[in-house]
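Residue-level structural notes
Residue strings, one per chain:
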Amino acid sequence: MNREVTLPLIVDDRGTLQVAAADVSKLLRTVGGRWLRLVEAGQEGLDEDTVAALTIELAKLADRIDVACIAHSSGAGS
């Protein structure tokens, strides 16, 4: 399964970005980490395999955001 995901980020009326990409990727990693800790703590109703798969996908998305930002800031996207 290889689907592209577009994340509309929050910009103001002048086009200024209001949410830093680094904050978005950190949030994605934090959510995945918290899910894993809930599973490790024995939280009922959470399937370990599903949480692991979702956490991996969130980390991959965070990696893609980070790589895109690095490419953009290095001028590779121009």
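These remarks concern the structure in this document. One numbering rule holds for all chains: residues counted from 1, following each sequence as written. Residues qualify for local features only when their pLDDT is at least 70, as the model is predicted, and side-chain atom pairs are given and counted only at 80 or more; totals for whole chains, interfaces and linings, by contrast, use all residues. Just so you know, side-chain values use all the structure's heavy atoms and leave hydrogens and water out.

**Comments concerning the overall build of the chain**
As a reminder of what qualifies: Helix and strand assignments come from DSSP, with helices taken as H or I runs of at least 4 residues and strands as E runs of at least 2, each series counted from the N terminus. Residue contacts follow a heavy-atom distance rule, with two residues in contact if any of their heavy atoms lie within 4.5 Å. All accessible-area figures derive from a Shrake-Rupley calculation using a 1.4 Å probe, and residue coverage is judged against the displayed protein chains alone.
Secondary structure summary: the chain contains two helices and zero strands in total. A separation threshold of at least 6 residues defines the contact pool for the chain, and within that pool the share at least 24 residues apart is 47%. Working note: accessible area of the chain is about 6,200 Å², and carbon and sulfur atoms make up 57% of it.

**With respect to helix H2 (residues 48-73)**
Note the following rule: In this analysis, the expected span of each helix is defined as 1.5 Å times one less than the number of residues it contains. Only protein chains enter the area calculation, which uses a 1.4 Å probe; residues under 20% of their type maximum are buried, those over 50% are exposed, and those in between are partly exposed.
Compared with the 38 Å implied by 1.5 Å per residue over 26 residues, the 37 Å span of H2 between its first and last C-alpha is a close match. Within the span of H2, buried status applies to Val-51, Thr-55, Leu-58, Leu-61, Ala-62 and Ile-65. The inward-facing, buried residues of H2 abut helix H1 (21-40).

**Let's talk about the nonpolar core**
Most often, soluble globular proteins have nonpolar side chains that are buried together. What counts here: Definition used in this section: a nonpolar core is a set of buried Ala, Val, Leu, Ile, Met, Phe, Trp, Tyr and Cys residues joined via side-chain atoms within 4.5 Å.
Counting residues in hydrophobic clusters, the biggest one holds seven residues: Ala-21, Val-24, Leu-28, Leu-58, Leu-61, Ala-62 and Ile-65. Mapped onto this core, the elements with two or more residues apiece are H1 and H2.

**Some words on the environment of Leu-28**
Within the secondary structure layout, Leu-28 lies in helix H1. Taking the relative accessible area as the measure of exposure, Leu-28 reaches 15% and is therefore buried. On a C-alpha basis, the gap between Leu-28 and Ala-62 in space is 6.2 Å, while along the polypeptide they are 34 residues apart. Once you skip the residues sitting within four places of it in the chain, Leu-28 turns out to touch Leu-58, Leu-61, Ala-62 and Ile-65.

**As for a negative patch on the surface**
Convention followed: Nonpolar side chains (Val, Leu, Ile, Met, Phe, Trp, Tyr) are joined into patches within 5 Å and like charges within 9 Å, using only residues with over 30% relative accessible area and no salt bridge. In the sections that follow, a salt bridge refers to a side-chain nitrogen of Lys or Arg positioned within 4 Å of a carboxyl oxygen of Asp or Glu. In this tally Asp and Glu are treated as negative and Lys and Arg as positive; neither His nor the chain ends contributes. Lysine's charge is taken at NZ, arginine's at CZ, aspartate's at CG and glutamate's at CD.
On the surface, Glu-40, Asp-47, Glu-48 and Asp-49 cluster together into a patch of negative charge. Among the secondary structure elements, Glu-48 is positioned in helix H2.

**Structural notes on the pattern of salt bridges**
Pairs can form between side chains of opposite charge once their charged atoms are near each other. A full pass over the atoms with the stated rule returns three salt bridges. A salt bridge links Lys-60 to Glu-57; the shortest N-O distance between them is 3.3 Å. One end of the pair is Lys-60 and the other is Glu-57, both in helix H2 and three residues apart, which spans about a single turn. Overlapping salt bridges bring together Arg-29, Asp-63 and Asp-66 as one network.

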